[in-house]
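Overview (structure and organization)
One-letter residues, chain by chain:
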Amino acid sequence: MNRLINIFSFSEDSPLIFTQADFWIFFAAMYFLYAIVYSKKSLRSAYLFAISLLFYYKTSGLFIGILLFSTVNDFFLGKAIYKSRSVLLKKILVAFSVIVNLGTLCYFKYAYFFTDSYNYLFQTNYEVINYLAQWANTWSEVDYFTIDKIILPVGISFYTFQTISYSVDIYRKQIKPLNSIIDFGFFVSFFPQLVAGPIVRAADFVPQIRKDINITKHDFGNATFMILKGLIKKMLFADYIAANFMDRVFDAPEMFSGFSNIMAMFGYSLQIYGDFSGYTDIAIGLALLMGYKLPVNFNSPYKAIHCGDFWRRWHISLSSWLKDYLYIPIGGNRNGSIFSYAFILVFTFLGVFAVSDYGVALMAASGIGLMLIITLFSSKLAWHFNRNVNIMITMLVGGLWHGASWKFVIWGGLNGIGIVTYKYWRLISPYENSKAWYAILWRIALTFVFITFTRIYFRGNSMDHIDRFYQQVMTNMDWQNALLVLWEYRAVFIVMLVGYITHWLPYKTKDWALDQFIKSNMVIKALIVIVVAIICYQTYAADFQPFIYFQF
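Read on for a plain summary of the structure. (Residues numbered from 1 in each chain as written. Predicted model: local features only at pLDDT ≥ 70, side-chain atom pairs only at ≥ 80, totals over all residues. Heavy atoms only, no water.)

Helix and strand counts for the protein come out as 25 helices and zero strands. The globule rule puts the C-alpha radius of gyration for 552 residues at 24 Å, and the 25 Å found for the protein is close to it. In terms of overall dimensions, the protein has C-alpha extents of about 65 × 65 × 55 Å along its principal axes. Of all 552 residues assigned to the protein, the portion counted as buried reaches 52%. By sequence separation, contacts in the protein at least 24 residues apart represent 75% of the contacts at least 6 residues apart. Summing over all exposed atoms, the protein offers an accessible surface of approximately 26700 Å²; the carbon and sulfur share of this is 67%. If you average the places of the 44 positive and of the 31 negative side-chain charges in the protein, the two averages end up 15 Å apart. (Helix = DSSP H or I, 4+ residues; strand = E, 2+ residues; numbered from the N terminus. Rg over C-alpha atoms; globule rule 2.2 N^0.38 Å. Buried < 20%, exposed > 50% of the residue type's maximum accessible area, 1.4 Å probe, protein only. Contact = heavy atoms within 4.5 Å. Areas by Shrake-Rupley, 256 points an atom, 1.4 Å probe, with all protein chains shown as cover. Lys, Arg positive; Asp, Glu negative; His and termini not counted. Charge placed at Lys NZ, Arg CZ, Asp CG, Glu CD.)

Inspection of every chain in the model, using the stated rule, returns 64 aromatic pairs. Plain terms: the ring middles of Phe 75 and Phe 184 are 6.0 Å apart, the flat faces sit at 40 degrees to each other, and that makes the pair tilted. Separated by 109 residues along the polypeptide, Phe 75 in helix α4 (residues 64-83) and Phe 184 in helix α9 (residues 181-189) bring together distant segments of the chain. The same class applies to Phe 75 as to Phe 184, namely buried. With 4.4 Å between their ring centres and 45 degrees between their planes, Tyr 166 and Phe 184 make a pair best called tilted. Here Phe 184 lies in helix α9 and Tyr 166 lies in helix α8 (residues 156-171), a separation of 18 residues in the sequence. Here Tyr 166 and Phe 184 have matching classes, each one buried. Above the plane of the ring of Trp 401 lies Lys 109, whose end atom (NZ or CZ) is 5.1 Å from the centre. The ring of Trp 487 has Arg 490 sitting right over it, with the charged end atom 4.0 Å from the ring centre. (Phe/Tyr/Trp six-rings, centres within 6.5 Å; stacked < 30°, edge-to-face > 60°. Lys NZ or Arg CZ within 6 Å of the ring centre and 35° of its normal.)

Turning next to helix α2 (residues 21-37). With 17 residues, α2 should cover 24 Å at 1.5 Å per step; its first-to-last C-alpha distance of 25 Å lies within 8% of that length. Phe 23, Phe 26, Phe 27, Met 30, Tyr 34 and Val 37 are the residues of α2 that are buried. Taken around the axis of α2, the buried residues stretch over an arc of 95 degrees, which confines them to a single face. (Expected span 1.5 Å × (residues − 1). Arc of directions from axis to C-beta.)

Under the 1.5 Å per step criterion, the end-to-end length of helix α3 (residues 41-60) is 28 Å for 20 residues, consistent within 8% with the ideal 28 Å. Gly 61 sits one or two residues past α3 and shows a positive phi near 65 degrees.

Turning to its location among the elements, Glu 432 is positioned in the loop between α18 (406-428) and α19 (437-454). Taking relative accessible area as the criterion, Glu 432 reaches 19% and is therefore assigned buried. Among the polar contacts made by the side chain of Glu 432, one reaches the side chain of Tyr 422 at a distance of 2.6 Å. Discounting chain neighbours no more than four positions away, the residues touching Glu 432 are Tyr 422, Arg 426 and Arg 443. (Polar contact = N/O pair within 3.5 Å; in protein donor to acceptor, adjacent residues only side chain to side chain.)

Another aspect to go through is the packing of α9 against helix α10 (residues 202-209). Helix-helix packing is characterised by the crossing angle of the two axes and by the distance between the axes. For the pair α9 and α10, interaxial distance at closest approach is 10 Å and the crossing angle is 130 degrees. One way to sum up the angle between α9 and α10 is to call them oblique. Handedness of the α9/α10 crossing: right-handed. Of α10, the residues touching α9 (which contributes Asp 183, Phe 186 and Phe 187) are Ala 202, Phe 205 and Ile 209. Here the contact of α9 with α10 is built from residues that sort into five nonpolar, no polar and one charged. (Axes fitted to C-alpha atoms, helices over the stretch in contact; angles between N-to-C directions. Parallel < 35°, antiparallel > 145°, perpendicular 65-115°, else oblique. Left-handed = near helix turned anticlockwise from the far one by under 90°. Nonpolar A, V, L, I, M, F, W, Y, C, P; charged D, E, K, R; others polar.)

On the surface, Val 523, Ile 524, Leu 527, Ile 528, Ile 530 and Ile 534 cluster together to form a nonpolar patch covering roughly 520 Å² of accessible area. Mapped onto the fold, Val 523 is located in helix α25 (residues 522-538). Residue classification places Val 523 among the exposed residues on the basis of a relative accessible area of 57%. (Patch = residues over 30% accessible without salt bridge, like charges linked within 9 Å, V, L, I, M, F, W, Y side chains within 5 Å. Salt bridge = Lys/Arg side-chain N within 4 Å of Asp/Glu carboxyl O.)

In this section: the packing of helix α12 (residues 258-289) against helix α23 (residues 490-503). At a minimum axis separation of 11 Å, α12 and α23 run at an interaxial angle of 55 degrees. Relative to α23, the element α12 lies oblique. Taken as a pair, α12 and α23 cross one another with a handedness that is left-handed. Residues Met 263, Phe 266, Gly 267, Ser 269, Leu 270 and Tyr 273 of α12 lie in contact with α23, whose contacting residues are Phe 493, Val 495, Met 496, Gly 499, Tyr 500 and His 503. Looking at side-chain class alone, the contact of α12 with α23 contains eight nonpolar, four polar and no charged residues.

Okay, the environment of Gly 291 next. On the secondary structure map, Gly 291 appears in the loop between α12 and α13 (307-313). Taking the C-alpha atoms as reference points, Gly 291 and Thr 216, separated by 75 residues in sequence, lie 9.1 Å from one another. Ignoring sequence-local partners within four residues, the contact set of Gly 291 consists of Gln 208, Lys 211, Ile 213 and Ile 215.

Let us now look at the environment of Arg 468. By the secondary structure assignment, Arg 468 is in helix α21 (residues 463-475). Residues Arg 468 and Val 188, 280 residues apart in the sequence, show an inter-C-alpha distance of 42 Å. In this structure Arg 468 touches Pro 253 and Glu 254, once residues within four positions along its chain are discounted.

What follows is about the pattern of salt bridges. The full count for this structure, using the stated rule, is twelve salt bridges. Among the ionic pairs, Asp 309 bridges to Arg 313, the shortest N-O distance being 3.2 Å. In this pair, Asp 309 and Arg 313 both sit in helix α13, four residues apart, roughly one turn of the helix. The exposure classification of Asp 309 matches that of Arg 313, with both residues buried. It is possible to trace a salt-bridge network through shared partners that takes in Lys 234, Asp 239 and Asp 275.

In this structure, Ser 260 sits in helix α12. If we ignore the near neighbours within four places in the chain, the residues touching Ser 260 are Phe 245, Val 249 and Val 485.

Moving on, we come to the environment of Ile 444. Structurally, the position occupied by Ile 444 is in helix α19. On the basis of relative accessible area, Ile 444 is assigned to the buried category, the value being 16%. Considered as a pair, Ile 444 and Ile 456 are twelve residues apart in the sequence and their alpha carbons are 20 Å apart. Contact partners of Ile 444, with chain neighbours within four places excluded, come to Tyr 302, Lys 303, Ala 304, Ile 305 and Trp 504.

This is the structure in structure tokens:
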């Protein structure tokens, strides 16, 4: 009984994580009651909204207030946007929604980034103070919150983008606002995808809220398969190789050879895929068990044949969101805008200044500015410039979305360069249209290696940490001991090999495995569940490994 009470009460040391037994006890209790209320649509929405709030409270405590604020704010703004007859007022309201949402996100996620960048640029010493916490302590007359640190609420980047898309889609007349704030709250906070996606569009999810729930045998089998697949990805292919090899290397790259650092990077590509896609697989499976369909978020990304193809397969819900709500509005592949030009000039200057000196940063920004002036005299050149600038802006913002640090901006910029470079390379590539297996294999390998090595800016703790990685790779490969490394960590590398082989299996093979699982009887399904549980918990670390994307 005490354990059950602990599961349903907040504790910073025991959040509800999909890979822990406490979550499955929580879900079993929730699902038992859901089976009673699911046929009553209004009660079902209210119940799932309440459960989702409880889940988020277990994860983030009083930061649940930020989630509720976003919910209430955009619910009423959405109705006001829809009812307004004035186009100007509609624009003002949707702009207010975007500003409030992004302002909240920036306060919690980017306060240190902006302050540190300003201090570095202007040689000042401003410090971040949590004025919101200070106000809350004054209002409540209790010093509950610390004012000298701003803590990032879990999942704020995900639900912020959901609420923004809701208001914008109403403005674009793509959807009508919901009449019930309970239904809207359920859409915003649905617990399987709340803290790490996928980012759900209102147009995709809202029609499901009031539908009749009918969970077929196929749905149940598919959901169970997705959950098992997600657990294997997270606990075996992500957590095991991280705990037994990669974390050791990344904690002190200078203590390992360049070969070990490179193998750790290849391991990290499998880890982050297993971790993030594992979460979304479980989220999709849990939602399907309750009768709801979430969007596919991954499509075998390491089968990508170029960088643009990779981003159509990786974190699909974010990539498509950035395309529809950023890339196209700022001009897409057609036009530029004052925003585009100002953004790329400022980011070029600040980005170069972050890794070099003032003179180099000024020269880089001046070079971009000169190119902009030249485009005024050539419409063809302007088209190329505008398209590439908009691609770079989208990828830079995508990088910044992942983390409040210049290393994430650099990571996004490198991916943007990869996309732009390919658009021109394919015009002269000798194997662009080749269907030969070796040509396709070469393109996949080249893309995979590029994506893997840009991720050092994603995984590295700091620029100094990244420099130490490169130093080892450039000066201390230690090839003579490479076989010894492979042998000493043979279990890790076998798991990595199995992970990549299963990832690169043909779609037909994966569909066949899913189909066989769905067709199997309940006894076989139960035995498979038991086997997977045993395998996963044999690799379970004493210290639980939170999902990587929780930090975003």
